[in-house]
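Results of the structural survey
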Amino acid sequence: MKDKRKPQIRKNVYLFELDSVRKTDEEIEVAQNALLDEIVLNGNVVVMTYNQLVDSRGFFSLLCNEKYEEKLIRLFEMGAIRISRFGDVRTVSQYLLNSVDADKEFIYSAIPIKYSQKRLLALMKRCLTYSDLSELNEYTKDNLDDQEKDKLEDLFVEVINGEEQHVDYLSEKDRDYQLGKYQEILKNLRGLLSTVLRISMLPDIYLDPRNESEYKELKFVNFMAAVLAFYDLPDDKMINVDAEAFRRSLGILGELEAWKNKNNNRSVYIREIKKAWQTAPERIADELSYQYAEVIVDLCYNYACENSICNISKHYNVDELWRESGDKSSFRVDFFGRFAKTWRNGAGAKDRFLTDETNKFEPFADKDDQLYKQLDRVVRLVEYIDYSQAGRADETNDQVVYRYEYKDEEQRRQNKRNIIGKIAHGFGMAALCIIVACGIELVFNKLQSMMEGIISFNTALLSVIETIVWLFVTEMLSTIISLKFPRLLPLSDALAKIRESVVDGWRICRRKFTAYSCSNKVQTEQTEPYNIGKTISYICPAELKKYRALRKSEPEPKKCFAESSIYPIANVEDSDLTAQLIRQEELFHRKYGLVYQSKYNTMIVDPIEGENGIFPYERVLPTGKNGVVIIARYKGTFVLLKQYRHAIRRMQYAFPRGFAEEDDKTPADNAIRELQEEIHAVITKSPVFLGRIVADSGLTGGCAYVYSVDIDSLELVEDHEGIVAIEQLSDRELTSWINEGKIDDGFTLGAYALYKCEASETENKHS
């Protein structure tokens, strides 16, 4: 018979309460209660971002604890919690791997690792890459010997500005205490990585990323613009805030460089707000406005995250934000409602806003295991809920997404009725099992009555034996029956089920909904189109991502990616081309993109469009500005250096030359710096620019600026960059050395040619 009951309304929801900046114990408790309310009372699916999962102190505290791990994994498996993919990141494991990129100076704050702890990050990367946590276990065992202690200590060495930072201990006891702290960090990290690897392998918990074209006008800066427009609202529309302080906070945000540059990075805004507050004349008196500004930034960030996820039921009508003008009442009411819930009348504001960034990790304290017990009950209750239709809020199963407040109270009542109905059904089946057991008892009693005339037993002994035999036979028979009829439970399970059913029914009836809901109930039936999502067809290699970023950030004067009809560089932003480059890498091991970078050189492999398709063409660019070659003249002679060159693995005679190490210096400044560093030269006149040379245009994409400089003194600097001697040559001697092949440095030969041309032109002018 077909079930004619209305389908349960279920929605996908994003919880602002799980934002990674909510770090106090009180905020974490609010977030965890909101999570449980949504999945139990509403029957909704909570969709998390990668950032929420690994950067939330509350969630991290659970993920790194084995006791909670199984409960959380079960919630993922049952579909109560899901994760939204973003960009080309398919799993949590991949997201963490991206976060430990060597170039990044930010590691998620809930993870007790600093970006400067390079060896620890490398260990974490190996664990995720090879799905192997055994290396972590080697550092966390008891009774480490001296060599193992040294290895553990070296694992936490920090590298800051290219220098290793070591910890000096006052005593061996002090050192042992710190090593114990290190082991505690590694144990927490092992718990997290274990859960991350398990979650990464669950097949059905991920939502495809939303197509960016669907929300390109609803990013962070768009929400900031919508909130900044509240400046002209009358005071009575600014609900639950200090209206004047709120307007001042909008003024503060409007003056930030991040806003003027339309930056979408929350961290940049937070740093600028704090810096502005620290330098403000009325710093103490106007602290409230700067705290308000930080709340606004956090909310706008979460609105942007929410909009990047497919089929999320929101608390406002999204179409209001597409309009440049007109009523935005539902968004306004939702914003100020969320503002009030986040601000909490300023409770603990000094601990939550305008605080210093820190890598210190404080695990969440679960007093008396209350959260664990609550999780255990939630997992049991979630067993009664079917999440398969979540995200399609219409009972006709139309592919639309309604507002969160659409029939929300009816949804809670229906969800509660369904759960109680299933609990009652389970209770009934358990009671039936008890009845069957009682029937077995009656049969047993009948047999006992029939045997009393034949066999005489001691009454007390008979009672004991009777009880034991009855329990054994009943359990055995009920177990056999349950194998044939799975809905019937063995006696022991039936008794436990009755107890659970009573407790679960009582708790679901008395639990009150405490999560956030918008007070604006107008036009809740308005819908958004259902998002199909964008399938991730490939994962773009890190080298290609860096190459894209380099092309976008290239200053115009460098012209490193100039257009050419002879060797046209392919458009790496094209998704079909990217797929083709990845295929070439997998088939032929061709690496495209930015493959290596130091502070001096950047090696890239360009995808070139040829007659037979795309082919790789490698080249080396200067990481900074172009270098310099200096023709130093001392007492009528040319100054050359005898220097060991690593690239050719031998000595070479050459004019002084070097890289541009500081971006704010001119080539002439760099020429003077090189002479002072390499030969301690005293400059008598300003350097004269002679021209530029490209020594190897088949490989290098940079050039070197050539200067002529007169100096008054020089001195050999020992042990500096392989320089072993200084040679002073006359013009004739220099020409002779070139003819003899003693000078084969391309930069020197090119610079000398420019010098001779300049001298010849000057001579012609004077003649």
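Now for a description of the structure that goes with this document. All values derive from a computational prediction rather than experimental measurement.

Moving on: helix H23 (residues 575–588). Compared with an ideal rise of 1.5 Å per residue, which puts 14 residues at 20 Å, H23 spans 20 Å between its outermost C-alpha atoms and is within 8% of the ideal. Turning to H23, its buried residues are Leu577, Thr578, Leu581, Ile582 and Gln584. Projected down its long axis, H23 carries its buried residues within an arc of 155°, all on one side. In H23, the exposed positions that point more than 90 degrees away from the buried face belong to Asp576, Arg583 and Glu586. Those residues of H23 that are buried lie in contact with helix H22 (542–553), strand S10 (601–610) and strand S11 (613–622). Near the N-terminus of H23, the side chain that reaches the backbone nitrogen of Asp576, with its oxygen 3.1 Å away, is that of Asp574. Positive backbone phi, at 60°, marks His589, one or two positions downstream of H23.

Before going further, it helps to examine the packing of aromatic side chains. Counted by the stated rule, this structure contains 33 aromatic pairs. Plain terms: the ring middles of Phe335 and Phe336 are 5.3 Å apart, the flat faces sit at 80° to each other, and that makes the pair edge-to-face. Sitting above the plane of the Tyr404 ring, Lys11 keeps its charged end 5.7 Å from the centroid. When the ring centre of Trp737 is taken as reference, the NZ or CZ atom of Lys742 above it lies at 3.6 Å.

What follows covers the packing of helix H10 (residues 220–228) against helix H11 (residues 243–254). Where H10 contacts H11, the axes come no closer than 10 Å and their chain directions differ by 140°. Considering their axes alone, H10 and H11 lie oblique with respect to each other. Where H10 crosses over H11, the two elements pack in a sense that is left-handed. Between H10, through Met224, Val227 and Leu228, and H11, the contact on the second element is made entirely by Phe246, Leu250, Leu253 and Gly254.

A few words on the pattern of salt bridges. Applying the stated criterion across every chain, the model contains 37 salt bridges. Across the pair Arg74 and Glu77 runs a salt bridge whose closest N-O atoms are separated by 3.5 Å. Remark: Glu77 and Arg74 occur in helix H4 (residues 66–77); sequence separation between them is three residues, near one turn of the helix. The partner of Arg248 in a salt bridge is Asp286, and the shortest N-O contact between them spans 2.8 Å. Taken together, the residues span a long stretch of sequence, with Arg248 in helix H11 and Asp286 in the loop between helix H13 (266–278) and helix H14 (287–307) at a distance of 38 residues.

This part is about the side chain of Asp298. Its place among the elements puts Asp298 in helix H14. By relative accessible area, Asp298 is classed as buried at 5%. Among the polar contacts listed, one links the side chain of Asp298 to the side chain of Arg266, at a separation of 3.2 Å. Each residue touching Asp298, except ones within four places of it in the same chain, is listed here: Asp19, Val21, Arg266, Ile270 and Phe353.

The pairing of strand S13 (residues 637–645) with strand S14 (residues 650–654) spans five bridges and is antiparallel. Looking across to S14, one finds that Leu641 is bridged to Ala654. Taking the residues between adjacent antiparallel strands as the criterion, S13 and S14 are bridged by four residues, where Arg649 takes a positive phi near 60°.

Let's shift gears to the environment of Ser289. Mapped onto the elements, Ser289 comes out in helix H14. Classification of Ser289 as buried rests on a relative accessible area of 0%. Once the C-alpha coordinates of Ser289 and Ser249 are considered, the two residues, 40 residues apart in sequence, prove to be 4.7 Å apart. Sequence-distant contacts of Ser289, that is, excluding residues within four places in its chain, are made with Ala245, Arg248, Ser249 and Ile252.

Take the sheet that holds S11 next. With antiparallel pairing, the three strands of this open sheet are ordered in space as S9-S10-S11. Edge positions in the open sheet fall to strand S9 (593–597) and S11, since each of these has one partner strand only. The sheet shows a mean angle of 20° between the axes of neighbouring strands, direction not considered. Of the strands in this sheet, S9 and S10 are in contact with H22, which crosses S9 at around 95°.

Moving on: the layout of surface pockets. One water molecule sets the probe size; rolling that probe over the atoms shows where empty space is left. Put simply, the second largest pocket is a space of about 1,200 Å³. Taken together, 39 residues make up the lining of the second largest pocket; nearest its centre are Asn601, Arg645, Arg657, Phe659 and Phe747. When residues of the lining of the second largest pocket are traced back to their parent elements, those giving at least two are S10, S11, strand S12 (625–634), S13, S14, strand S15 (657–660), helix H24 (667–679) and helix H26 (746–766).

Direction vectors running N to C along H10 and H14 enclose 130°, while the axes themselves pass 8 Å from each other. The angle between H10 and H14 falls in the class oblique. Judged by the twist between their axes, the crossing of H10 over H14 is right-handed. Across the interface between the two elements, Phe220, Phe223, Met224 and Val227 from H10 touch Ile296, Val297, Cys300, Tyr301, Tyr303, Ala304 and Asn307 from H14. Grouping the constituent residues of the contact of H10 with H14 by class yields 10 nonpolar, one polar and no charged.

Inspection of the secondary structure puts Arg210 in the loop between strand S6 (206–207) and H10. Only 3.1 Å separates the side chain of Arg210 from the side chain of Glu214, close enough to count as a polar contact. Residue contacts for Arg210: discarding those within four places in its chain leaves Tyr215, Asn307, Ser308, Ile309, Cys310, Glu528 and Asn531.

Criteria and thresholds
Residues numbered from 1 in each chain as written. Predicted model: local features only at pLDDT ≥ 70, side-chain atom pairs only at ≥ 80, totals over all residues. Heavy atoms only, no water. Helix = DSSP H or I, 4+ residues; strand = E, 2+ residues; numbered from the N terminus. Expected span 1.5 Å × (residues − 1). Buried < 20%, exposed > 50% of the residue type's maximum accessible area, 1.4 Å probe, protein only. Arc of directions from axis to C-beta. Contact = heavy atoms within 4.5 Å. Polar contact = N/O pair within 3.5 Å; in protein donor to acceptor, adjacent residues only side chain to side chain. Phe/Tyr/Trp six-rings, centres within 6.5 Å; stacked < 30°, edge-to-face > 60°. Lys NZ or Arg CZ within 6 Å of the ring centre and 35° of its normal. Axes fitted to C-alpha atoms, helices over the stretch in contact; angles between N-to-C directions. Parallel < 35°, antiparallel > 145°, perpendicular 65-115°, else oblique. Left-handed = near helix turned anticlockwise from the far one by under 90°. Salt bridge = Lys/Arg side-chain N within 4 Å of Asp/Glu carboxyl O. Pairing = 2+ DSSP bridges. 1 Å grid on protein atoms, 1.4 Å probe; cavity = no way out; pocket = protein on both sides within 12 Å on 5 of 7 lines; lining within 4 Å. Points joined across faces, edges and corners; volume = space filled by probe spheres on them. Nonpolar A, V, L, I, M, F, W, Y, C, P; charged D, E, K, R; others polar.

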